[in-house]
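# Inside the fold
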Amino acid sequence: MDYQTLLPSLIIFAPTLGAIALVLMPKDNEDSLRYTALAVTAVTFLLTIALLPGYDISNANMQYVVKADWIPNWNIYYQLGLDGISLPLVILTSFISLWAMVASWSITKQIKGYLILFLLLETGMLGVFMATDFFLFYVFWEVMLLPMYFLIGIWGGPRKEYAAIKFFLFTLFGSVLMLVALLMIYFSSSYGADGEHIFDLVLLADAAQGNGLLGPDLQPWAFWLLFIGFAIKIPSVPLHTWLPDAHVEAPTPISMILAGVLLKMGGYGILRIAFPLCPEAVYSGSIVLVAIGVISIIYGAFAAMAQTDFKRLVAYSSVSHMGYVVLGIGVVGVVSVDGTGSDYWQMGINGAMFQMLGHGVSSAGMFFMVGVVYDRVHHRNINEFGGLAGKMPLYTGLAAGIFFAGLGLPGLCGFIGEVFVVLSAWQFNKALAIIAASGVILTAGYILWTLQRVFLGAEYKGPHEEALIPMLGREKIVASVLLVFAIILGVFPNLVFQYMVPSIEKLTDGMAGRIAGGF
Amino acid sequence: MEVTLNHYLLIGAVMFVSGVVCMATKRNGIAVLMGVELVLNGANVNFVAFARYTNLGLDGQIVSLFVIVLAAAEAAVALAIALNFYNNHQTIDIDQGDRLHG
Amino acid sequence: MDIKACLLTTAWLLPLVGFAVEVFGGYWSHHAPGGRFKSRLAAYLSVGCIGGGFLLSLTALLIGLSDFELSLWGTPEHGTEHAAAQFAVADTPHAAGSESHGDTDAKYVSGSLYELARFGNLRIAIDYYIDSLTLVMFTMVTLIATCIHVFAIGYMDDERTEDHVDHEVHTADGSHLHRPGRYYRFFAYLSLFCFSMLGLVLAGNIFMVFIFWELVGICSYLLIGFYVERHSASTAANKAFIVNRVGDFGFIIGLMILITSFGTFNFSSYNDHANSPESPGLFQMARDSHGQVHVAETNDSQRVINFAQPNGSHTSIPYWLLVTAGLGIFAGCVGKSAQFPLQTWLPDAMEGPTPVSALVHSATMVAAGVYLAGRFFPVFLPEVLLTIAYTGAITLFVAATIAVVATDIKRVLAYSTISQLGYMMLAIGLGGWIAGLFHLITHAFFKSLMFLASGSVIVGCHHEQEMPRMGGLRKKMPVTAYTMLVGVIAICGLAIPLHWVTGFSGGWDIAFSGYHSKDAIVATALTYANLNPIHSLLFLAPLITAGITAFYMFRLWFYTFAGKPRDQELYDHCHESPRVMTIPLVILAFFAMFCAIGGEGGPLFNLLGASETHVTDVAGSGIDLPTHSDIAQFHGQAGMLALLVAGLGALLAYLMYCRRQPDPALIKRQFAATHEFLVEKWRFDELYDVMFVRPVHVVASWFSGFDRRVLDGILHWIARTGVTVSAWDRKFDEGVIDRSIDWVAEKTQDVGRSLQAVQTGRLRQYVMFIALGVVTLFVLIFALFPLFLKA
């Protein structure tokens, strides 16, 4: 077996192996447990980096393809693959997991269980991004759910049970809808001479864009079921209310993972499954997608402005920022029947993908920064901060950088995604594009106002002033790494675009062909 | 008067009913056994009579031979039970053996 | 790559390097000579970077002189452009589209540095576009920035301490705030700003302009909020950035329209790029080589503009859409250049240290709006230009009136900046492209000079900024006072018009830079008003405001430097600034005097003129833009009027503030309501607070409440319903299903128990049962069953 086929499985299951190793280790030596888990996430990250040299940028198709029988009776395969859409997200996942693990040093309760669940979660996340079999995708999707439930429910804040159950039920509700759609698609598929049913996403996509997969009566159902399932994860207004609670209660590293990676699964799912499999339904429903995106942007920004809990504010900013993702992938409607305009759609999807990556870095950073100060003073009331710039200058500098990335400042990661998405929207719907563009004012408003209340000013106004010690080495590393990546992504976006563009072009061309053909 | 099948059947029935009445009325275990024998032999008469008056061949005779053999075996077992019963209860009054009542 | 591009790119990146080093000053300054907070290293680095940038820009400018074959002296020929305009009328769109723009006589260099992204045919990159305007801007920005950096070495000197006392901030226990100095951080921000500003000027496409547009915005935010402890400073910083974002919102709409209609952001086709496809940029698409916009009418009587797309095909854009795009881009300029109605942030921005006000909020960043309006001039349609002109006219008047009553020395200058930016916008809107940018350059010199002089006063007076407490300072700080006077005369446009004496042609006026540039603007305005009498206001506003300008600028100077000291204690402690601060003043004063030497026949005017895009009037717009020859006719008349009005203003200021005849206090009492209204800055802040800020907060709380009450309410209702249903379910389970099963079991048991009696254990009885049973069965089968069957 060469490394091309071994590497993907190794990446997915390296954290599982690590978790098994942790099970066998004694639980009283906490540091060795932590270092082991850290080493596992670091190795996983290096393994994902090792994907890059063997990845052919110009090839838009699935690479690193692995296919093994799993449940052959029903054509279910253990099938993995990477293309320009999943590769950046896989790297983002292992990257954020690594730094979230470094941030996990502040966890002291039942550390062994925490680390094991953390690693299992990472397996689930990586699996979701790499699975190319719908059934396998679904399994990984569910695998990821349970560790998250426990991580919030056990290591969370005062209302952890409420938040964990809310998270779990929301996501489960979405998964059930997805399951229905999965079965619809499975039983509509027919592959080969004898018309077998398949779960293979690549073949299903080819079928959907070739002769059509689901009929016009069934396709909208499948699409909207899938979309609701994924929209919960993104999360889009009005399915977003689990997010603020989950974030507020989750421990810092889990918030980082939640915002940095989990939310991206929604966008990824739409791009990987809902879009290629239901092109016509996507096309006719794109105005709704765009509207949902725009509403999320504005709604999230307004709601963020009214928050007084620092973490809740950042959570709402995630709702707003992920709205750009829905908007960007929703501009499919710009493709006219004669096939023109697909450049803008590509711009939109690329912008949305970039926004996912950028938001992955910046929101993880923001949650980490909130966590740093929460660890010190144990409160998050924005109105009771102030003057941190004088007390923790380095912290303030790094945090300002990361928050500016969230604000969408050029040269940082948040800008590229937002601006490309908004630019692409004009051709589709002018009014919605203008509303989306007005988001820049609101975003600036709530972020700068927050910065002013938290960092600026003469004096710290809250309790535990004496605890405001400068950043620890570990914290410095996490924050600086995230900021550096925010800058790199912002200055050289083509580093990422070069991977994404061919695969997204393939997707848009395929779908545009189907759209041009009509039902 | 021609002896017909009905005559035999009548004898069989009388024997059978006598046996049943004997079983139902006698309290003596041996007498009950006798009633059993009467029932069995009443049946035997029927078997043989049917065999003779129909074209069933020797089937009836064979069955009645079986019944005789079984009755002998049964009698042996039953007498052994009666003996034991007597050993335990110092009587063979079967009304004493009502331990199995519900 | 072209040598000029190399030089300018280096000049652009140098301050970024400086920033990257200085931002960590808190760390490396431990080891620097002099100790942690004592070192001036950061300042030297920063001055070195920007000074190096200046030398490179100057070299590029000199190279550009020969490359672009620019002549510095003499008035440009006006005859040729008319011929071109005549010719252009007959031009068909098709011929214009297919016409290639040859490199041979190109007055610009454009190329690409690197690509940000490429989606299909859409390409977004970091480009450069260098023409004489770029070169002049680079040189001006780097020169002024160098002077201001040097000045800041002195001005920020009190930050070079471990225990800086901020007298503006009080802590909870009533004492002043003590904090470590932030000397290095100030210079880091300045360097970042210079990088961003130069990037904005160098930009070769409108998207890159937007990138650096935002970056200068954030630098402005950081610098205004430099004294982070002061609530007023951080609020002003927020206000500046958010108000700018309001303008940028329009900018983004403009960008959206441009990219979707034209498919490119580039200003112009590349001519300095090895493999670049020769695709036209926005300028070439919007107007043909004769400055003509091809307006046509479609079948459904919609006005459209025809142009050739990069791929060679001809297409069109609705007329209103291009107007909207222009207005969108201009909205960005309005925000950045603090034009009406977004002018409110600039006076508040004076919370920043004075060198920042000089560099960012007078000479460079705020002028970027004007620069962009000038740069994007070819794409603006007449309706847009008219909007620009009226915006400028309103701004220049409103700001000047507020400046008359302001007493904070920096705020007077801030309002004067807004007003002067209004002049520039007005000029551009009137089609006086060169006049506007000419004023941009001259204004940058004299306004930064005045800001630095005011900074010198502020330092000299120990951070006193209220003019009523000053007075008579010229004896204590002569250099500051007289360099300031140079600036005042320059901005007022006072001059000794020699050419009236010697005849109209030949002979120069003895005048400072501001005279020439303001003269050019007023002349353009007068010409415009003659060509389009309905818009006469566009001439009256700048003319009257010229008088107001002279009045409030001289008021400032008399208030501060002339007369008797009004606060003896302040006066006694006052001192002239050190040489590190006065030398930049002298240099800037030199440029404020002579940078526009020769006026409209001089080098600066000619340099800028080389970049002017010739535009012709658009049919159906109803507006005649003045040509150079038109303006020349009215020049003398306009200059005379302007000088007269300015002289009157200056005289009035002299009478009121030196002679007290009439007494300003008396006037203030008589016009108390007006005075109040002006002091309240026309109540824009209150208006915006009521119109926008509070509604936004209200909506925000609605949305947040909607989440909590409605969405979560629904969710909790569903959850509660679920719990209730499950409670019912439990009851049903326990009460109905379990009960019925139990009942069956009970009955079975009951039947069993009742049958117990039959089970006597008596053999004889059993025999009876058997017999009876047999008889019963017999009866059933043979008697009843046939009966049943029969029935």
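Residues numbered from 1 in each chain as written. Chains lettered and ligands numbered in written order. Predicted model: local features only at pLDDT ≥ 70, side-chain atom pairs only at ≥ 80, totals over all residues. Heavy atoms only, no water.

Below, the discussion takes up the overall build of chain C. Along its length, chain C carries 29 helices and nine strands. Taking 28 Å as the expected radius of gyration for a compact globule of 791 residues, we find that chain C reaches 39 Å, considerably beyond that expectation. Counting only C-alpha atoms, chain C reaches 160 × 75 × 60 Å along its principal axes. For chain C, the proportion of its 791 residues judged to be buried stands at 58%. Considering only intrachain contacts with a sequence separation of at least 6, the fraction spanning at least 24 residues in chain C is 78%. (Helix = DSSP H or I, 4+ residues; strand = E, 2+ residues; numbered from the N terminus. Rg over C-alpha atoms; globule rule 2.2 N^0.38 Å. Buried < 20%, exposed > 50% of the residue type's maximum accessible area, 1.4 Å probe, protein only. Contact = heavy atoms within 4.5 Å.)

Turning to helix H18 (residues 473-491) of chain A, a few remarks are in order. Between its first and last C-alpha atoms H18(A) spans 27 Å; for 19 residues at 1.5 Å apiece the expected length is 27 Å, and the two agree. Looking only at H18(A), the buried set comprises A:Arg474, A:Glu475, A:Val478, A:Ala479, A:Val481, A:Leu482, A:Leu483, A:Ala486, A:Leu489 and A:Gly490. (Expected span 1.5 Å × (residues − 1).)

Attention now goes to the interface of chain B and chain C. Listed as interface residues are 13 residues of chain B and, on the opposing side, 10 residues of chain C. Summing the contributions of chain B and of chain C, the shared interface buries around 960 Å²; its carbon and sulfur component is 60%. Summed over the shared surface of chain B and chain C, the number is one salt bridge. Where B:Asp95 meets C:Arg764, a salt bridge forms, and the shortest distance between an N and an O atom there is 2.4 Å. Counted by class, the side of chain B that touches chain C contains five nonpolar, four polar and four charged residues. (Buried area = accessible area lost by both parts, 1.4 Å probe. Salt bridge = Lys/Arg side-chain N within 4 Å of Asp/Glu carboxyl O. Nonpolar A, V, L, I, M, F, W, Y, C, P; charged D, E, K, R; others polar.)

Moving on: the environment of C:Tyr654. Residue and element names in this part refer to chain C. Mapped onto the elements, Tyr654 comes out in helix H25 (residues 628-659). The class for Tyr654 is partly exposed, based on a relative accessible area of 31%. Put simply, Tyr654 and Trp557 are 97 residues apart on the chain and 9.8 Å apart in space, counted from C-alpha to C-alpha.

The top pair by number of contacts, from a total of two pairs of chains in contact, is chains A and C. Taking C-alpha atoms only, the smallest gap left between chain A and chain B, which are not in contact, amounts to 57 Å.

Our focus in this paragraph is the pairing of strand S1 (residues 108-119) of chain C. Residue and element names in this part refer to chain C. Here 10 bridges tie S1 to strand S2 (residues 122-131), and the two strands are oriented antiparallel to one another. Residue Ala117 lies in a different strand from S2, and its bridge partner there is Ile124. Between S1 and S2, which pair antiparallel in sequence order, lie two residues; one of them, Gly120, sits at a positive phi of approximately 60°. (Pairing = 2+ DSSP bridges.)

A few words on the interface of chain C and chain A. Listed per partner, the contact involves 59 residues of chain C and 60 residues of chain A. For the pair chain C and chain A, the summed buried surface comes to about 5100 Å²; carbon and sulfur atoms form 72% of the total. It is C:Phe119, C:Arg245 and C:Met256 that lose the most area in chain C upon contact with chain A, and together they represent 13% of the buried surface on that side. Our enumeration of links across chain C and chain A arrives at one salt bridge.

A separate point is the environment of A:Val419. Within the secondary structure layout, A:Val419 lies in helix H16 (residues 413-425). Residues A:Val419 and A:Leu239, spaced 180 residues apart in sequence, show a C-alpha to C-alpha distance of 25 Å. Setting aside chain neighbours within four positions, we find A:Val419 in contact with C:Phe207 and C:Phe210.

Moving on, we get to the sheet that holds strand S7 (residues 314-318) of chain C. Residue and element names in this part refer to chain C. The sheet built from three strands is open, its strands ordered S5-S6-S7 with antiparallel pairing. Edge positions in the sheet fall to strand S5 (295-297) and S7, since each of these pairs with one other strand and no more. Taken over all neighbouring pairs, the strand axes of this sheet differ in orientation by 45° on average, direction set aside. In the packing of helix H11 (residues 319-336) onto the sheet, the strands contacted are S5, strand S6 (303-308) and S7, and the crossing angle to S7 comes to about 70°. (Axes fitted to C-alpha atoms, helices over the stretch in contact; angles between N-to-C directions.)

Helix-helix packing: each pair is described by the crossing angle between the helix axes and the interaxial distance. Residues and elements named next belong to chain C. Viewed as axis vectors pointing N to C, helix H17 (residues 433-460) and helix H23 (residues 579-594) meet at an angle of 155°, and their least axial separation amounts to 9 Å. Comparing the axis directions of H17 and H23 gives the class roughly antiparallel. Between H17 and H23 the crossing geometry is left-handed. In contact with Phe445, Phe446, Ser448, Leu449, Leu452, Ala453, Ser456 and Val459 of H17, H23 contributes Met581, Pro584, Leu585, Leu588, Ala589, Phe591 and Ala592. Residue classes in the contact of H17 with H23 are distributed as 13 nonpolar, two polar and no charged. (Parallel < 35°, antiparallel > 145°, perpendicular 65-115°, else oblique. Left-handed = near helix turned anticlockwise from the far one by under 90°.)

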